[in-house]
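Secondary and tertiary structure notes
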Amino acid sequence: MIKQLTLTILAASVLSACSMAPKYTRPDAPVAANYETSTTNASNAQRASEMGWRDLINDQRLQALISRSLVNNRDLRVAALRIEEARSLYNIQVADQLPNLNGVATGNRGRTPAALSSTGTSVVGSNYQVGLSLASFELDFFGRVRSLSDAALASYLATEEAQRSAHITLVSEVAKAYLSERAYAEQQELAQRTYETRAAALDLSKQRFEVGASSGLDLRQDEALMQNAKVSELTLRRQRAQALNALTVLVGEPLTDLPPAQPLSGQIIRTDLFIGMPSELLEQRPDIRSAEQTLLAANANIGAARAAFFPRISLTAGVGTASNELSGLFEGGSRSWSFAPQLVLPIFEGGRNIANLNLTEVRKNIAVANYEKTIQVAFREVADALVARDLLDEQIEAQRLATVAQEQRLTFADQRFQNGISSSLDMLDAQRELFSAQLTLVQARLLRLTNAIDLYRSLGGGLLETTVATAPAAAPAPAK
C-alpha cells in the first residue's frame, strides 16, 4: 500500500507540471526610446544603482542621519515585516503542493446494551488503531495548486521589491529634509542680520526725525521695513522647527549626538551619474520590478481560475494496525489500510467559475495598467531631474549676479540718499529687493542639491551604502 501511495504521489507531481496560466509576455514600455534632454555621460560616470549613498554626499551629519533612519524608521520597519508576512503566505501555499502525512493513534471502548446487541446480551467492545494517514491530497493534474503557488511567490517578490523601493525613498527623503532644514537655517540667519541692520537704521531715522532732518513718513517706512524683516525671521524660524520635526520622524529617534552640521553652501552632492536609456529603468528601479511581479501574480491567478473548470481529484488514505485489544496492535494479521480517491467535477456553479475567471483577467489588466503607469512615472522623474540639472546651474549663476547687482544698487541708493539727491523710498526699495534676491539665491541652491538627490533616486540609487567595488581589469598580454 505504501509503495502504491508513493507512486501515485510521484505521478501527481509529474502531471502537476502542467499549467493553464497564459504565457507571460512583458508589456512594451510606453515611453520614448531616449530622453529629450542631453544625457552625455562623462567617462568616469557611475550607475546610480552601483553608487553608495555615502559616496554621493559629503556631509557627515547627513550620513549619520541616513544611517540611523535605516535602522529606526517605522515605515521601513513595516515594509520589512511585510516581506516576512508575504514569505509566510508563500510557504503556506507551497505546502499545499506536498502531501500532509499525519501520525494517528485512536482508541475507542464502549458498551452496547442488550436491547441493541445482536446476541441479546450486553457487549463491551474495544477498537484501537495506530498508523499514518494522508489527508485529502489534491492531485494537481491541471496546475491549480501550482498556479496559486506561483502567484504567492510573485506576491512575495513584489513585496520584497517594494521594501527596496521604500529603502531608496527613505534615503532621498532624509537627505531632502535635512537640506531643507539647512536652507531654512541659512535664510533665518540672513533674516536675523537684515532685522538687526534695519533696527539700527530705524534708530538713526528716529534721531533724524527728532532733529527735524526727516519726516514722519520716512520714520514709519523704516519701522515697517524692520517689522517685515522680523516677520520673515519668525516665519523662517517656524519653518525650520517644522523641518526638524519632519526630519526627526523620518530618522525615527531624537536628533542627538550627531556630527556638526555643514552650511548649505558647503554641501557637495555628486551629479556625474550614468544616465543610460529609458529601457534600463526596468532593471534599475525596484518599484518597476515590484509592479511587474504583481503582474506575474495576476497572470498566475488566471491559471488557477482556468483550472477550476476541470475535475479536481483528491486522495484520502491511511495505513497502520488495528485490534480490539491494545496489546494486539502489533501482532500478526493486525495490518489495516484504506484508500479513498475522490473526483469532483463542476457541473453547475451558478456562474461562479466564469465570474472568477473574468475577475482574474480584469485584475491582470489592472496590473498591466499599473505597471505601465509606474514606468511612465519613472521616466518622467528622470526626465524632470535631467531638465533641472541642465538649467539649475545657469539659474543659480543668474540669481547670484542679480544679487550682486542688488547689493550695488543699495550702495548707490544709500549714497544718493545721504547726499540728498534722492528720497529714502529708493533706498528702502533697494533694501527690499536685495533681501528678496538673497532669499531666492538660497532657495535656488537648495533646488540644485535636491535635484541631485532626485536624479540619484530616480535612477535607482540608494540601496547601497558604499560603492560596489569592481574587479581590476586584467593586465594586457605582452606584445610579441
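Before any of the text, the structure's been laid out above.
Residues numbered from 1 in each chain as written. Predicted model: local features only at pLDDT ≥ 70, side-chain atom pairs only at ≥ 80, totals over all residues. Heavy atoms only, no water.

Evaluated as defined, the whole model comprises three aromatic pairs. Seen in terms of ring centroids, Tyr35 and Phe379 are 5.2 Å apart; in terms of plane orientation they differ by 15 degrees. Their pairing is stacked. One end of the pair, Tyr35, is in the loop between α1 (2-15) and β1 (46-47); the other, Phe379, is in helix α9 (residues 352-418), and 344 residues separate them in sequence. Exposure remark for Tyr35: the relative accessible area of 8% places this residue in the buried category. Judged by centre distance (4.9 Å) and plane angle (25 degrees), the ring pair of Phe142 and Phe310 falls under stacked. In this pair, Phe142 sits in the loop between β3 (123-139) and α5 (144-210) while Phe310 sits in the loop between α8 (286-307) and β5 (312-323), placing the two residues 168 residues apart along the sequence. Exposure remark for Phe310: the relative accessible area of 33% places this residue in the partly exposed category. The ring of Tyr195 has Lys230 lying over it, and the distance from NZ or CZ to the ring centre is 5.0 Å. (Phe/Tyr/Trp six-rings, centres within 6.5 Å; stacked < 30°, edge-to-face > 60°. Helix = DSSP H or I, 4+ residues; strand = E, 2+ residues; numbered from the N terminus. Buried < 20%, exposed > 50% of the residue type's maximum accessible area, 1.4 Å probe, protein only. Lys NZ or Arg CZ within 6 Å of the ring centre and 35° of its normal.)

Turning to the nonpolar core, a few remarks are in order. A general feature of soluble globular proteins is that nonpolar side chains tend to end up buried together. Residues Tyr35, Leu179, Ile269 and Leu459 are the most contacted members of the largest nonpolar core, which totals 50 residues. With ten residues, the single largest contributor to this core is α9. Not counting residues up to four positions away in its chain, the partners in contact with Ile269 are Leu56, Ile57, Leu179, Leu449, Ala452 and Ile453. Among the nonpolar cores identified, the runner-up in size contains six residues, and Leu410, Met427, Ala430 and Leu434 belong to it. (Core = buried A, V, L, I, M, F, W, Y, C linked by side-chain atoms within 4.5 Å. Contact = heavy atoms within 4.5 Å.)

The subject of this paragraph is the packing of helix α3 (residues 60-72) against helix α6 (residues 216-251). Following both chains from N to C, one finds α3 and α6 inclined at 55 degrees, their axes separated by 7 Å at the closest point. One way to sum up the angle between α3 and α6 is to call them oblique. Together, Leu65, Arg68, Ser69 and Asn72 of α3 and Leu247, Leu250 and Val251 of α6 make up the contact between the two elements. Residue composition of the contact of α3 with α6, grouped by class: four nonpolar, two polar and one charged. (Axes fitted to C-alpha atoms, helices over the stretch in contact; angles between N-to-C directions. Parallel < 35°, antiparallel > 145°, perpendicular 65-115°, else oblique. Nonpolar A, V, L, I, M, F, W, Y, C, P; charged D, E, K, R; others polar.)

The next thing to look at is a nonpolar patch on the surface. Taken together, the side chains of Leu343, Leu345, Ile347 and Phe348 present a nonpolar region at the surface, about 540 Å² in accessible area. Positionally, Leu343 belongs in strand β6 (residues 335-344). (Patch = residues over 30% accessible without salt bridge, like charges linked within 9 Å, V, L, I, M, F, W, Y side chains within 5 Å. Areas by Shrake-Rupley, 256 points an atom, 1.4 Å probe, with all protein chains shown as cover. Salt bridge = Lys/Arg side-chain N within 4 Å of Asp/Glu carboxyl O.)

Right, let's talk about the pattern of salt bridges for a bit. For the structure shown, the criterion picks out 29 salt bridges. Salt-bridge contacts for Glu381 lead to Arg285; the nearest nitrogen and oxygen are separated by 2.9 Å. Taken together, the residues Glu381 in helix α9 and Arg285 in the loop between α7 (281-284) and α8 connect sequence positions 96 residues apart. Beyond isolated ion pairs, a larger network of salt bridges with shared partners links Glu160, Glu161, Arg164 and Arg289.

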